[in-house]
Amino acid sequence: MLRLAALALGAGLVLSFPALAPNPYMVTVGIGILNYAVLATAWNFVGGFTGYISLGHGGLAGLGAYATGLLVTAAGLPSFAALLAGAVMVAALAVPIGFAALRVRGASFVIVSIALVLILLLVFQSWDSFTGGSRGLAVPRPFPGMPRAEHHTTFFFLFAGLLAAVLLVWWLIDRSHFGLGLKAIREDEDKSESLGIPTFAFKLVAFVVSAAFTALGGGLYALWFGDLDPVFQFSVLTGSNIVLMALLGGVRHLFGPLLGALVVGAGLEYFKLEYGDTPLHLVATGLLLGVVVMFMPDGVIPALSNLYDRLFAPATASIREVSAADLAAKGDEPTEVRR
Amino acid sequence: MTSATTARGLETVKLTRSFGGVTAIDSATVSFQHGKVNALIGPNGSGKTTLFNVVTGMIEPDSGRVTYRGRDITGKAPHTIARAGLGRSFQLCRVFPRMTVLDNLLVAVRARGLAEHLASSRDHEEIERARGWLERMGIDHLERSEARNLSWGQQKLLELAGVMMADPDTILLDEPAGGVNPALIERIGGLVRELNGQGKTFLIVEHNMDMVMSICDHIVVFDRGRPIAEGPPAAIRSDPRVLEAYLGV
């Protein structure tokens, strides 16, 4: 009940933001944060559940953006039909990509995911007869004639809706058999296999779902922003920002990536506003990543809940003490022998 | 090397696997007795764990065949072999450290089809079944603890409970008594006999000879990647080849 109330309150706050925002610029900041929240939550289907850290999700968002843009400009599809069709195309493309990339684990997977972004950057820059290359691709607005402020407000709600959808799907998977299997892969992939979990198929499905939502985020961005440049669309930086957000909030928690997007997204905007074109925002995000990894490896949400437990529930004994006493009462001492 | 088996269980034919220049399994033809408690013993490096890994699909063999109940499972994916009814534990006990004890068991529940995969993992019946196994292992009071907070012995019991939750016909245990105190060894031995009484086949790699001799029906002795002797405990104990290769008397 408390959770439901908190959820309603959160949703209310988000939805009332455009009305409360002092100017349209603040609404665009809100859109940026929501966009990042969509991407980080979509990333978390792979990174959070299976523990495969992808730095390539920026590239998948870029693919979604270009697919949407090109389906509008080259194929003449209506904007939102192009958005959905683009996401389906990226999901289909994610099958062979995942098939190749998910064969390697750990650092190798990270490197393969970076390679994906760099390859896409090269392709979209060089193939300028189709993609517009470095000149960029102008994507027509879906609501021609709509005043700028209203355009931003409309897209704020569209992004909020997409965020709600991706959160809902993450939550559904989190509580399912499938989700438990994915989390087992994160913990110990070989052990999961030995218990009968088809780990490769599970990872691939999670990757494709993740790619589809990432593409929707990228595509919606294309329709909102209206101008695409390969350098920004296929950037490893986007991917690393997404990872930072998810890690900061906590990858095991539904709202972890959202919280991370709020903090990092707002921070990035602040640095850009105050320090303009300096690379200070990169320094700040780098420092933040270091702090998170060193002091809050599980993210803010678990760190805060641990702090809460320590401050307000200090009486709980460690599990081992309880179990030792319990077992001793039963007459067989648990062993402490370590190999 | 044939043995009088009542039903066909786990068998290997001329199984070979080498790592670089070391032949870990050397054309090994073994058949384990279905419905019995089998032991696989031998000196360190004799290929016991490699045989486990090849049989369960973790490692592909260079040549040879593995069959289970007459079905060829050579080189199949580990999850396929698991679903064929073979369950295993690992030499260095492996549980899912950041999951609760209960979730460690629920992971092993087999979902089939899209609807079952997307259904909640907290199925009431399955939770009750998991609790049954935890009770049998004597760790039901730890249900909500994260597995990493359990003691070594408790983790061994948890791993066994997880393996059993998947409902295998044949259970391969890699050193179940390793690093475990005598009282717990007795308990694990008792559980093995009990489960065997209910129709489960066991194949146990173990160095603790007291345990092997007391709970096993059939012993296969490995040396340098191939079986050198097999038979009931009494025969193995007095076999000169075994004494020379392993027992070191």
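A. Structural detail: the overall build of chain B. Along the backbone of chain B there are 10 helices and 10 strands. The C-alpha radius of gyration of chain B comes to 18 Å, within 12% of the 18 Å expected for a compact globule of 249 residues. For the C-alpha atoms alone, the extent of chain B along its principal axes is close to 55 × 40 × 35 Å. Classification of the 249 residues of chain B by burial places 48% in the buried group. Counting contacts in chain B only where the partners sit at least 6 residues apart, residues at least 24 apart contribute 68% of the total.

B. Molecular detail of the sheet that holds strand E10 (residues 226–231) of chain B. Residue and element names in this part refer to chain B. Taken in spatial order, the 6 strands of this open sheet run E6-E7-E8-E3-E9-E10, and their pairing is mixed. With partners counted over all chains shown, the strands left at the sheet margins are strand E6 (86–88) and E10, one partner each. Going across the sheet, the axis of each strand differs from the next one's by a mean of 20 degrees, ignoring polarity. The pairing of strand E3 (residues 37–41) with strand E9 (residues 218–223) spans 4 bridges and is parallel. Across the sheet, residue Leu40 finds its bridge partner in E9, namely Val220.

C. Looking closely at the pairing of strand E2 (residues 22–31) of chain B. All names here are of chain B. Bridge count between strand E1 (residues 10–19) and E2: 6 bridges; the pairing is antiparallel. Looking at the pairing, Leu15 lines up with Ala28 of E2. Here E1 hands over to E2 after 2 residues, with Gly20 in that stretch at a positive phi of 60 degrees.

D. Quick look at the sheet that holds E2 of chain B. Residue and element names in this part refer to chain B. On the basis of which strands lie adjacent, the open sheet formed by 4 strands has the order E2-E1-E4-E5 and antiparallel pairing. The open sheet is flanked by E2 and strand E5 (71–72), the only strands paired with a single partner. In the sheet, E1 pairs with strand E4 (residues 63–68) via 5 bridges, with the strands oriented antiparallel. When the bridges of E4 are listed, Thr16 appears paired with Ser63.

E. Geometry of the interface of chain B and chain A. Chain B puts 43 residues into the contact, and the matching count from chain A is 34 residues. Looking at the side of chain B that touches chain A, the elements that each hand over two or more residues are helix H2 (78–83), helix H3 (101–106), helix H4 (113–118), helix H6 (152–165) and helix H7 (182–197) of chain B. Among the residues making up the side of chain B that touches chain A, the classes are represented as 19 nonpolar, 16 polar and 8 charged.

F. Seen up close, the confidence of the model for chain B. All names here are of chain B. Residues at a pLDDT of 70 or more form 96% of chain B, whose mean pLDDT is 92. No element of chain B has a lower mean pLDDT than helix H10 (residues 240–247), which averages 78, and none a higher one than H3, which averages 97. Counting contacts from residues 1–5, a segment whose pLDDT is below 50, to residues more than four positions away or on other chains yields 11 contacts.

G. Representation of H7 of chain B within the structure. Residues and elements named next belong to chain B. For H7, which comprises 16 residues, the first-to-last C-alpha distance of 23 Å matches the rise-based estimate of 22 Å (1.5 Å per residue) to within 8%. Turning to H7, its buried residues number three or more, namely Leu184, Ile185, Ile188, Gly189 and Val192. Projected down its long axis, H7 carries its buried residues within an arc of 140 degrees, all on one side. Of the residues in H7, the exposed ones pointing more than 90 degrees away from the buried face are Gly190, Glu194 and Gly197. In the core, the buried residues of H7 are packed alongside E3, H6, strand E8 (201–205) and helix H8 (209–215). Gly199 occupies a position one or two residues after H7 and carries a positive phi of about 105 degrees.

H. Representation of the packing of helix H2 (residues 24–47) of chain A against helix H10 (residues 199–225) of chain A. All names here are of chain A. The geometry of H2 relative to H10 is characterised by a closest axis approach of 7 Å and an angle of 165 degrees between their N-to-C directions. In terms of their interaxial angle, H2 and H10 are classed as roughly antiparallel. For the pair H2 and H10, the crossing hand works out as left-handed. Judged by residue contacts, Ile31, Asn35, Val38, Leu39, Ala42, Trp43, Phe45 and Val46 of H2 engage Ala206, Phe207, Val209, Ser210, Phe213, Thr214, Gly217, Tyr221 and Trp224 from H10. The residue inventory of the contact of H2 with H10, partitioned by class, reads 13 nonpolar, 4 polar and no charged.

I. Quick look at the nonpolar core. Core analysis: the largest hydrophobic core is formed by 162 residues, its most contacted members being Val38, Val90, Phe159 and Ala215 of chain A together with Ala161 of chain B. Residue contributions to this core peak at 14 residues, all from H10 of chain A. Those residues in contact with Ala215 of chain A that lie beyond four places of it in its chain are Leu60, Ala61, Leu63, Gly64, Ala67, Gly86, Ala87, Val90 and Ala91 of chain A.

Rules used throughout
Residues numbered from 1 in each chain as written. Chains lettered and ligands numbered in written order. Predicted model: local features only at pLDDT ≥ 70, side-chain atom pairs only at ≥ 80, totals over all residues. Helix = DSSP H or I, 4+ residues; strand = E, 2+ residues; numbered from the N terminus. Rg over C-alpha atoms; globule rule 2.2 N^0.38 Å. Buried ≥ 20, exposed ≤ 12 C-beta atoms within 10 Å, placed from the backbone. Contact = placed C-beta atoms within 7 Å. Pairing = 2+ DSSP bridges. Axes fitted to C-alpha atoms, helices over the stretch in contact; angles between N-to-C directions. Nonpolar A, V, L, I, M, F, W, Y, C, P; charged D, E, K, R; others polar. pLDDT = per-residue confidence, 0-100. Expected span 1.5 Å × (residues − 1). Arc of directions from axis to C-beta. Parallel < 35°, antiparallel > 145°, perpendicular 65-115°, else oblique. Left-handed = near helix turned anticlockwise from the far one by under 90°. Core = buried A, V, L, I, M, F, W, Y, C linked by C-beta atoms within 7 Å.

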